[in-house]
Number of protein chains: 4
Amino acid sequence: MRILFLGDIVGRVGREAVISRLPGLRAELSLDLVVVNGENASHGFGLSPAIGQDLFNAGADVITLGNHSWDRRDMIGHIDAEPRIIRPANYPPGTPGQGSVVVPLVNGHKALVISVMGRQFMDAMDDPFRAVSDILSRHRLGVTVQAIIVDVHAEATSEKWAMGHVCDGRVSLVIGTHTHTPTADHRIFPKGTAFQTDAGMCGDYDSVIGMGKDAAIARFVRKMPGERLQPAEGDASIAGMMVETDDATGLARRMAPVRLGGHLAQTMPDF
Amino acid sequence: MRILFLGDIVGRVGREAVISRLPGLRAELSLDLVVVNGENASHGFGLSPAIGQDLFNAGADVITLGNHSWDRRDMIGHIDAEPRIIRPANYPPGTPGQGSVVVPLVNGHKALVISVMGRQFMDAMDDPFRAVSDILSRHRLGVTVQAIIVDVHAEATSEKWAMGHVCDGRVSLVIGTHTHTPTADHRIFPKGTAFQTDAGMCGDYDSVIGMGKDAAIARFVRKMPGERLQPAEGDASIAGMMVETDDATGLARRMAPVRLGGHLAQTMPDF
Amino acid sequence: MRILFLGDIVGRVGREAVISRLPGLRAELSLDLVVVNGENASHGFGLSPAIGQDLFNAGADVITLGNHSWDRRDMIGHIDAEPRIIRPANYPPGTPGQGSVVVPLVNGHKALVISVMGRQFMDAMDDPFRAVSDILSRHRLGVTVQAIIVDVHAEATSEKWAMGHVCDGRVSLVIGTHTHTPTADHRIFPKGTAFQTDAGMCGDYDSVIGMGKDAAIARFVRKMPGERLQPAEGDASIAGMMVETDDATGLARRMAPVRLGGHLAQTMPDF
Amino acid sequence: MRILFLGDIVGRVGREAVISRLPGLRAELSLDLVVVNGENASHGFGLSPAIGQDLFNAGADVITLGNHSWDRRDMIGHIDAEPRIIRPANYPPGTPGQGSVVVPLVNGHKALVISVMGRQFMDAMDDPFRAVSDILSRHRLGVTVQAIIVDVHAEATSEKWAMGHVCDGRVSLVIGTHTHTPTADHRIFPKGTAFQTDAGMCGDYDSVIGMGKDAAIARFVRKMPGERLQPAEGDASIAGMMVETDDATGLARRMAPVRLGGHLAQTMPDF
Ligand SMILES: [Fe+2]
Ligand SMILES: [Fe+2]
Ligand SMILES: [Fe+2]
Ligand SMILES: [Fe+2]
Ligand SMILES: [Fe+2]
Ligand SMILES: [Fe+2]
Ligand SMILES: [Fe+2]
Ligand SMILES: [Fe+2]
């Protein structure tokens, strides 16, 4: 199976970059599954139902969220009606929506996508390791599903690396989001799980993690409310990771980053 | 000027990788200046005077530290005697050592290296932006010094990006450390400053940010003291960034990552 | 039922004050139940089995712990053998010990004591509100147990007040620990639960929350390791709260602080 | 000199309680100086210029702020015109307003009032200990000013106790604010400085630190945006501390809490 994961889509330029490039990528890379993190797609804060639909129309199969899941209040009412949008699984019981979804693919294949949020330097969610473990206990990689993707939305690199190792051999890909910075540490772990600490952001990198520079800098330098944070509106990059898995085992065979447009060094898989 | 910066050296395998490879790299890449972050070189916690000397002998010109500056108590007494080891500049007044150093290079060139620590999700240090600004006010890039390197030792990507933009045009390179994860967002900013959110770690990446997997995972999963954290001891990578600057302006002309050995995808500058 | 709760016992002087005064108080106040927080009784960090026994011998019925539960490693092996020592209930499944205990009292009465830890500004434990709710679902105040005491070991006043209100009418007393500072906001809530944000510390208040002043101040002023924190060793106060409950309902009828010895303004219940 | 300090005034019922009671207290207690913390007076978030004027009219001499200083944007423009409203001194240079003020009193006496903010579990301000020390270096207690009051607006009890001890003998009163919970640990330190960890809140204590219970509890139990936090509107208490100082030395002779109205145990100084 050929899988593309794209990191946090930030604001108008981020989503326009994804929407314009994804159909071509889907064909060019013969993708079977596309997962995107959409938690910042609506003006940098949250995802609207309409933008979610635009991303599905462009070729996303699943949209993950994160700590900005509910910034758009209309997502609270919408998420139960759209199982392809998932929020972190370790919200407390009773939270709208689901933390994972099984999507049918071509050839009768199925993929399980899980969203989970870290706790280090973040809000006090339920235990992300148990949340993932609970979901995995209900599926079998290579048997009931042909691929499993875990989006670990977290601040601390240590927590993401720990999640990667805990999942090694049990999922196809553990990939981080939230820091809006792509990492160069992608690797297939010893037992066959592909890992990258952060997929990076789809948005304008001439910014402070996607937001306009001046307002963001002012927050660090002055300790007063200032200009509202607004997504930067220059040339956007899309950033993510492609993984090719073995359908018999669901484990990773090859992986390579995708970084196109904007200010990032450009790279595409050669497979 | 040709500059190499290597990220946090972790434990025995990290420092052995640096010490064995640095002399060759220095020659092969015609390096004029080598800066390494040594805050985890001694068993993962701090830098000993002897290990510092080993790193200088291998070709480092300056060693930067971070939040682990004083884990080895003997560094407290040693740092004032060794100005080439610098600790973050935004420690309070009266802290031993210095937060920056000017090192003489060949051809009568001089380079200023600054260490500074972020505050987001970290200890309450003095303002890092003012600390850097104060130091920069005493030097002129391209005039009094031919290169300026800022090691921004910080957790949050946003704080590092903000520091990069604030320094754009005033220094040669702003490079992050501390997360032990190399980022793929290196770029020369509009006014000529090279930037990378994190240089990555020199150590064993089959680990949790350089430390043994089991003990590190246990800290997230159980909430009890367990096994002591120990540096992982498998194949180490060295990770960092090479920058070529214009001696007349001190600004960056080219930059490319260096990642050698161990489990990382290998890369070397082609210039 | 007449209940005394004493806050965090800190170091030698704290435990000596408790051990010397508790037998007299037990008699003088006709106490039916004594609960003490012992997380700092052993040199300020943790509780040893032997000190636990000393506190039981002096008249404690139950000892609660907190974030320092495991500072003394011998408690890890001991706690399962001594059900009267409880650690916060919201540690993850598999943690040694229990988060609550039912103790038999005179007259065939029984009391349930619960320990729980907050998450605001603290480690990422399981949800304390669900943990308390789960335990309460297995007991009925005034029916299966005649009194229920909740020790909410937390940093943030807001989280403690929230826990108090959530428990109102369902338990006899919600009392905070951890800040080592007695609060003057004790009150019987509308539905009958007695509440105090923090019971305060049993220890030397001429200190920084029980530890020697100079070393503790240095931690704020300098950002370097310094002298080890040691419990202050001057005159100790004991600090806590007395509550009288109605045996038929288990709810609070009267409450009054107990503060004796040392530097605190002295106060004793007049009932 | 006879001094009254009142803690954080929260919302309409808090300010009405202060405004209605302060004129009577000023006469009854023969107060020379009244300082109130006003950071939550405007709907729980910030202080408006008009409410500031109401508090001055009711008898306040100085109003201190805290982390909510700028919640009301109109305070940013107003504070430079009203030196009797002070914000924490350890905001960065260039912040509007002042962190201290000397107010003239009857008999030619003068009092210095300082506001400062802690950093533990709070935003990364400048060093509060150096900020206070800098201000104190420009005054002499008992010589240039007859009283010095320090409002230490902080979350952690340890940081407040440390500030108290650092100031002992150099100021009349160190009093905490921000936790909205009065503490029962008031005491005159060995060198003559009166201290209380927190003055408490002027507001409705049948709440979660002054805000409506249901919305505040929901924030802990659910992890979603819910109802907006609104100040509770039931019976309000005023809470604070009275100190009598020696005009020759400026040090404290006597201190006693003031808690009137609402749900707190009532207490008034007997001197
Ligand atoms: Fe994001
Ligand atoms: Fe996020
Ligand atoms: Fe570090
Ligand atoms: Fe490090
Ligand atoms: Fe504690
Ligand atoms: Fe404690
Ligand atoms: Fe506050
Ligand atoms: Fe407040």
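What counts and how
- Residues numbered from 1 in each chain as written.
- Chains lettered and ligands numbered in written order.
- Predicted model: local features only at pLDDT ≥ 70, side-chain atom pairs only at ≥ 80, totals over all residues.
- Heavy atoms only, no water.
- Least-squares fit on C-alpha atoms with pLDDT ≥ 70 in both.
- Contact = heavy atoms within 4.5 Å.
- Donors = N, O, S within 2.8 Å, 3.2 Å for Na, K, Ca; no water.
- Tetrahedral: all angles 85-135°; square planar, octahedral: opposite > 155°, others 65-115°.
- UniProt positions renumbered as here; feature names shortened; annotations may be inferred.
- Buried area = accessible area lost by both parts, 1.4 Å probe.
- Salt bridge = Lys/Arg side-chain N within 4 Å of Asp/Glu carboxyl O.
- Polar contact = N/O pair within 3.5 Å; in protein donor to acceptor, adjacent residues only side chain to side chain.
- Helix = DSSP H or I, 4+ residues; strand = E, 2+ residues; numbered from the N terminus.
- Phe/Tyr/Trp six-rings, centres within 6.5 Å; stacked < 30°, edge-to-face > 60°.
- Lys NZ or Arg CZ within 6 Å of the ring centre and 35° of its normal.
- Expected span 1.5 Å × (residues − 1).
- Buried < 20%, exposed > 50% of the residue type's maximum accessible area, 1.4 Å probe, protein only.
- Pairing = 2+ DSSP bridges.
- Axes fitted to C-alpha atoms, helices over the stretch in contact; angles between N-to-C directions.

The name given to chain A in an unreviewed UniProt entry is Metallophosphoesterase, with Novacetimonas hansenii as the source organism.

Moving on, we get to the relation of the copies chain B and chain A. Overlaying chain B with chain A gives an RMSD of 0.0 Å, the required rotation being 180° about an axis along which the chain moves by 0.0 Å. Overall, the copies show the geometry of a two-fold rotation axis. Taking C-alpha positions as the reference, the residue of chain B nearest the rotation axis is Thr183 of chain B, at 1.9 Å. Mapped onto chain A, 100% of the interface residues of chain B again fall at the interface, so both copies present the same surface.

A word on the coordination of the iron ion (ligand 7). Note on metal sites: the ideal angle is 109.5 degrees for four tetrahedral donors, and 90 or 180 degrees for six octahedral donors. Residue and element names in this part refer to chain D. Binding of the iron ion (ligand 7) to the protein goes through Glu39 (OE), Asn67 (OD1), His153 (NE2) and His178 (ND1), at separations of 2.1 to 2.2 Å. Given 4 donor atoms and angles of 84 to 148° at the metal, the environment of the iron ion (ligand 7) is assigned as irregular. Read from N- to C-terminus, the donor residues coordinating the iron ion (ligand 7) fall into the pattern E-x27-N-x85-H-x24-H. Taken as a pair, the iron ion (ligand 7) and the iron ion (ligand 8) show a spacing of 3.4 Å, with Glu39 coordinating each metal.

Residues annotated by UniProt as "active site" (unreviewed entry) correspond here to His68 of chain A. The contacts of His68 of chain A, once residues within four sequence positions are left out, are Glu39, Asn40, Phe45 and Gly46 of chain A.

This part takes up the interface of chain B and chain A. Accessible area lost during the coming together of the parts is what is often quoted as the interface size. At the junction of the two partners, chain B supplies 41 residues and chain A supplies 41 residues. Between chain B and chain A, a total of about 3400 Å² is buried, with carbon and sulfur atoms accounting for 67% of that surface. When residues of chain B are sorted by the area they lose upon contact with chain A, Trp161, Ala184 and Phe220 of chain B head the list and together hold 20% of the total. The salt bridge partner of Asp206 of chain A is Arg187 of chain B, with a shortest N-O separation of 3.1 Å. Where chain B packs against chain A, one counts 10 residue pairs in polar contact (both at pLDDT 80 or more). Top element by residues in the side of chain B that touches chain A is helix 5 (residues 157-167) of chain B. It accounts for 7 residues.

Ring pairs (aromatic) are described by centroid distance and by the angle formed between their planes. In total, this model carries 18 aromatic pairs over all chains according to the counting rule given. Arg84 of chain A extends its terminal NZ or CZ atom over the ring of Phe56 of chain A, reaching a point 3.8 Å from the ring centre.

Before going further, it helps to spend a moment on helix 1 (residues 11-28) of chain B. Residues and elements named next belong to chain B. Spanning 18 residues, helix 1 covers 25 Å between terminal C-alpha atoms, matching the ideal 26 Å at 1.5 Å per step. Looking only at helix 1, the buried set comprises Gly11, Val13, Gly14, Arg15, Ala17, Val18, Leu22 and Leu25. Where helix 1 is buried, its residues contact strand 1 (2-6), strand 2 (33-37), helix 2 (49-58), strand 11 (238-245) and strand 12 (252-260).

Looking now at the pattern of salt bridges. This structure, assessed with the given rule, holds 56 salt bridges over all chains. For Arg130 of chain B, the salt bridge is made with Asp126 of chain D, and the minimal N-O distance between the two is 2.4 Å. Remark: Asp126 of chain D occurs in the loop between strand 6 (110-117) and helix 4 (128-136) and Arg130 of chain B occurs in helix 4 (residues 128-136); the pair is interchain, linking two chains. Note that Arg130 of chain D and Asp127 of chain D form a salt bridge whose closest N and O atoms lie 3.2 Å from each other. Among the ionic contacts, a cluster of salt bridges with common partners joins Arg2, Glu244, Arg253 and Arg254 of chain A.

It is worth spelling out the sheet that holds strand 11 (residues 238-245) of chain D at this point. Residues and elements named next belong to chain D. If you trace the 6 strands from one edge of the open sheet to the other, you get 4-3-2-1-11-12, paired in mixed fashion. If you trace the sheet from one side to the other, it starts and ends with strand 4 (85-86) and strand 12 (252-260), each paired once. Pairing analysis gives 3 bridges linking strand 2 (residues 33-37) to strand 3 (residues 62-64), with the strands arranged parallel. Paired with Val36 across the two strands is Ile63, which belongs to strand 3. In this fold helix 2 (residues 49-58) packs onto strand 2, strand 3 and strand 4, with an angle of close to 135° to the strand it touches most, strand 3.

Moving on, we get to the pairing of strand 1 (residues 2-6) of chain C. Residue and element names in this part refer to chain C. Counting buried positions along strand 1 yields 5 of 5 residues, so the element is predominantly enclosed. Alternating residues of strand 1 divide into Arg2, Leu4 and Leu6 and Ile3 and Phe5, and every residue in both groups is buried. Pairing of strand 1 with strand 11 (residues 238-245), which is carried by 5 bridges, proceeds in the antiparallel orientation. Bridge assignment links Arg2 to a residue of strand 11, and that residue is Glu244. Of the strand pairs in this sheet, strand 1 and strand 2 (residues 33-37) are connected by 4 bridges, and their pairing is parallel. For Leu4, the partnering residue across the bridge sits in strand 2 and is Val34.

This brings us to the UniProt feature "binding site: Fe cation 1" (unreviewed entry) in chain A. Residues and elements named next belong to chain A. Here the UniProt-annotated "binding site: Fe cation 1" (unreviewed entry) positions come out as Asp8, Glu39, Asn40 and His180. The largest pairwise C-alpha distance within this set of annotated residues, which runs over 173 residues, is 11.2 Å, so the set is compact in three dimensions. Judged by its relative accessible area of 0%, Asp8 is buried. Ignoring any residue separated from it by four or fewer positions in sequence, one finds Asp8 in contact with Asn37, Glu39, Asn40, His153, Thr177, His178, His180, Gly200, Met201 and Cys202. Within the structure, Asp8 has its side chain in polar contact with the side chain of His180 (distance 3.1 Å). Tracing the sequence through the fold places Glu39 in the loop between strand 2 (33-37) and helix 2 (49-58). In contact with Glu39, not counting residues within four places along its chain, are Asp8, Phe45, Gly46, Leu47, Thr64, Leu65, Gly66, Asn67, His68, His153, His178 and His180.

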